[in-house]
Amino acid sequence: LFLILGIGAGAVYAMLGLGLVLKYRSAGVVDFAHGAVAMFAAYVFVELRSTGTLQFPWVWIPHEVQIASSGIPSGIGMHCDSCAGTVYAALFGLVTYLLVYRPLRTAAPLTRVCASVGIMLALQAVAVLNFGSQAKATPPLLPTSSWEVGGILVPHNRLYLGAVAVFLAVALSLAYRYTTFGLATRAGAENETGASLIGLSATRIAAQNWVIATLLAAGAGILIAPISQLDPASYTLFIVPALGVALVGRFSSFGITAAAGILLGMAQSEITKLTTVWTWLPSQGVAEGLPFLVIMVAMTITGTRLIGRGQVIERGNPSIGRPRRPFTTAGFLFAAGVVLLVLLDGSLRSAFISSIVMVCICLSLVVLTGFVGQVSLAQMSFAGIGAFVLSHLTEGAGIPFPFSLLLAALAAVPIGLLIGLPALRVRGVNLAVVTLAAAATVDVLLFNNMSFSGGIGGRKVPSPTLFGLDLGIAKGDDYPRVVFGVLVLVIVTLVGLLVARLRNGPAGRMLIAVRSNERAAASVGIDVARTKLFAFGLSSFIAGLGGGLLAYQQGTVSPGSFAVFTSLGLLAIAYVAGVGQIAGAVVAGIMFAPTGVFVTGLDKLLGVGKYQTLVAGIALAMTAIGNPDGMVSTRPGSKGPAMLLLRLRDRLLSLRPARTLLRPEQQPGNRVES
């Protein structure tokens, strides 16, 4: 029975996976926003049926149009809302491709990943703002009757869903193998330049396939809504199993992808049953962690043999800064930070401390993504491990500061190395898939485990003390204390100096060499595997250190602070600011951190704090399109604020009278004979 019940979820994984295959084959994009598209399409459909309003993916301005005075009824009305939903999904897919993904056709894989993550964050934020975060029950679309086979009631709707997935896989396989459109899509995927020479428009073909893939996502989201309650978070994370089954199919085979999706759903359902039979299995998290296992196995087997696309990447990864005078800069920033800690008070001082902590966690992305080019969507998971382990070490084992903080940060290193193992064979988009799945698995296995995280209430973290001196953030009515802010500032400054020393030293040159060309780096004697694992280990240590500081600040650490979407938001703010430079981490922490000083100040003045995730997602997509180097970029031709300031400086300096330089023959006493 549980195997049959799992066909429903498996069919959704299959349909989403088919859409991912279409998008990759036609446009070369692994779309992390695919699950969010399914989620929003389901909300649009449900609102049409229940209230008769058509919802649009934006906020502030009017975002709904009343089509009917009440909900559209079933029967003939259901065909109306289905047609409206289909047209809506097609237009949405076309617009997002033309505005976001078409300009990134020749961009680096990291840039495309960040753009799709930005769309995911934006859609999820719009859904939360417009529809709320509570799950919604929806009326059934497929027959709810059942057959009795061997004493087991087999529900019809699961079988119908499985049949739809199989039909779509067969239809797509035949269409893309034998039709003119399918052959044109294959030609563009294998050799985009050659296809354009014979009159095939890569843009038109990719746009058409993107629309079809969006329709598949919308259909999957709508069909699964009555079986699985609709909410923004879980629907968006359907992308994890969908990526797993697409990887099994190597982003090329429709049949294998559909079969893997259905089997994965059945296996998850059966594991859910077995957890009640086999008491030695953990009661939660095992079924949700199965997609991560599938992805790891698929990466190990097919990581170096994923289908390639015949296109030229013209734009590289974000530029890397080089600290010129790190000690002088660190001293100046430290002094400025102390002054701000003294001047600010109340919530603004607490927000400034949060900004400093976020700078530390963003520095972990600078090391991994900036210096080595390895995309990580699990940095907040490493931070969460450091935070919860710190609670166990201080409250449970009684280990004092600073040893508890260092040990907690070291506890994140083995997890970072484990997640980094696939990086020995893959990088870029494929590694982003692994880290996203790992973040989701850590969330359900560790952070939702009562014994590890304390459940919803979280775990307490005692204040740090050194030589009998209380360095905690609160002491009596004094909150937040300046001494705690100075402590955090000292630790983060030391981490910044470590990253600067790494960038300018031999290890940094090895990291950058691996980022530029792994084969060339190996040819000059660099151990590429060891270098990648070193980067993952150091990055997870820095993130764990930041998580420990965050635990000290909060006093009680809870799982919600380190959920999957916090890792995505971290990548967003770090990339927008400039993920390749230490200055980018500073700007990200000060200006863009959700609980940082700048966002908190704006929220006090304008009440815009609830829009932070939406703004971060849109800014991430726009930065990926217009300025992949981020705000702090000083690369010639960049349009970032830092480059604009440099141009303004040069313009002001050009207004000063310049000394006239005389040629040798024009100087007094010199004469050059002809």
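The structure this text deals with has already been given above.
Residues numbered from 1 in each chain as written. Predicted model: local features only at pLDDT ≥ 70, side-chain atom pairs only at ≥ 80, totals over all residues. Heavy atoms only, no water.

### Thoughts on helix H5 (residues 156-178)
And then number 1: With 23 residues, H5 ought to run about 33 Å at 1.5 Å a step, and its terminal C-alpha atoms sit 33 Å apart, in line with that.
And then number 2: Three or more residues of H5 are buried, namely His156, Asn157, Arg158, Leu161, Gly162, Ala165, Leu168, Ala169, Leu172 and Tyr176. (Helix = DSSP H or I, 4+ residues; strand = E, 2+ residues; numbered from the N terminus. Expected span 1.5 Å × (residues − 1). Buried < 20%, exposed > 50% of the residue type's maximum accessible area, 1.4 Å probe, protein only.)

### Digging into helix H2 (residues 34-50)
And then number 1: Between its first and last C-alpha atoms H2 spans 25 Å; for 17 residues at 1.5 Å apiece the expected length is 24 Å, and the two agree.
And then number 2: Most of H2 is tucked away: 16 of the 17 residues are buried.
And then number 3: Gly52 lies just past H2 and shows a positive phi near 75°.

### Regarding a nonpolar patch on the surface
And then number 1: On the surface, Trp58, Trp60, Ile61 and Val615 cluster together into a nonpolar patch covering about 450 Å² of accessible area.
And then number 2: Relative to the helices and strands, Val615 resides in helix H26 (residues 612-626). (Patch = residues over 30% accessible without salt bridge, like charges linked within 9 Å, V, L, I, M, F, W, Y side chains within 5 Å. Areas by Shrake-Rupley, 256 points an atom, 1.4 Å probe, with all protein chains shown as cover. Salt bridge = Lys/Arg side-chain N within 4 Å of Asp/Glu carboxyl O.)

### Section: the nonpolar core
And then number 1: Phe32, Leu243, Leu436, Ile542 and Phe562 are the most contacted members of the largest nonpolar core, which has 196 residues in total.
And then number 2: Of all the elements, helix H14 (residues 346-372) adds the most residues to this core, at 17 residues.
And then number 3: In this structure Phe32 touches Val113, Ser116, Val117, Met120, Ile239, Leu243, Leu377, Val429, Ala432, Val433 and Leu436, once residues within four positions along its chain are discounted. (Core = buried A, V, L, I, M, F, W, Y, C linked by side-chain atoms within 4.5 Å. Contact = heavy atoms within 4.5 Å.)

### With respect to the environment of Tyr575
And then number 1: By the element assignment, Tyr575 lies in helix H23 (residues 564-577).
And then number 2: Looking at Tyr575, the relative accessible area reads 1%, which means it is buried.
And then number 3: Tyr575 sits 464 residues away from Thr111 along the chain, and the two C-alpha atoms are 9.3 Å apart.
And then number 4: When near neighbours in sequence (up to four residues on either side) are disregarded, Tyr575 contacts Leu110, Thr111, Cys114, Pro318, Leu620, Thr623, Ala624, Pro628 and Gly630.
And then number 5: Only 3.4 Å separates the side chain of Tyr575 from the side chain of Thr111, close enough to count as a polar contact. (Polar contact = N/O pair within 3.5 Å; in protein donor to acceptor, adjacent residues only side chain to side chain.)

### Some words on the packing of aromatic side chains
And then number 1: Under the defined criterion, the tally for this structure stands at 16 aromatic pairs.
And then number 2: Centre to centre, the rings of Tyr24 and Phe251 are 5.1 Å apart; their planes meet at 45°, and the pair counts as tilted. Taken together, the residues span a long stretch of sequence, with Tyr24 in helix H1 (residues 2-27) and Phe251 in the loop between helix H10 (239-248) and helix H11 (254-277) at a distance of 227 residues. Across this residue pair, the class does not change: Tyr24 and Phe251 are buried.
And then number 3: With a centroid separation of 4.4 Å and an interplanar angle of 5°, the aromatic rings of Tyr43 and Phe131 are classed as stacked. You can see Tyr43 sitting in helix H2 and its partner Phe131 sitting in helix H4 (residues 109-131), a full 88 residues away along the chain.
And then number 4: Accessibility expressed as a relative area gives 0% for Tyr43, which makes it buried.
And then number 5: Pairwise contacts between aromatic rings join Phe388, Phe447, Phe452 and Phe562 into one cluster. (Phe/Tyr/Trp six-rings, centres within 6.5 Å; stacked < 30°, edge-to-face > 60°.)

In short, the description is geometric, and any link to function would need to be established separately.
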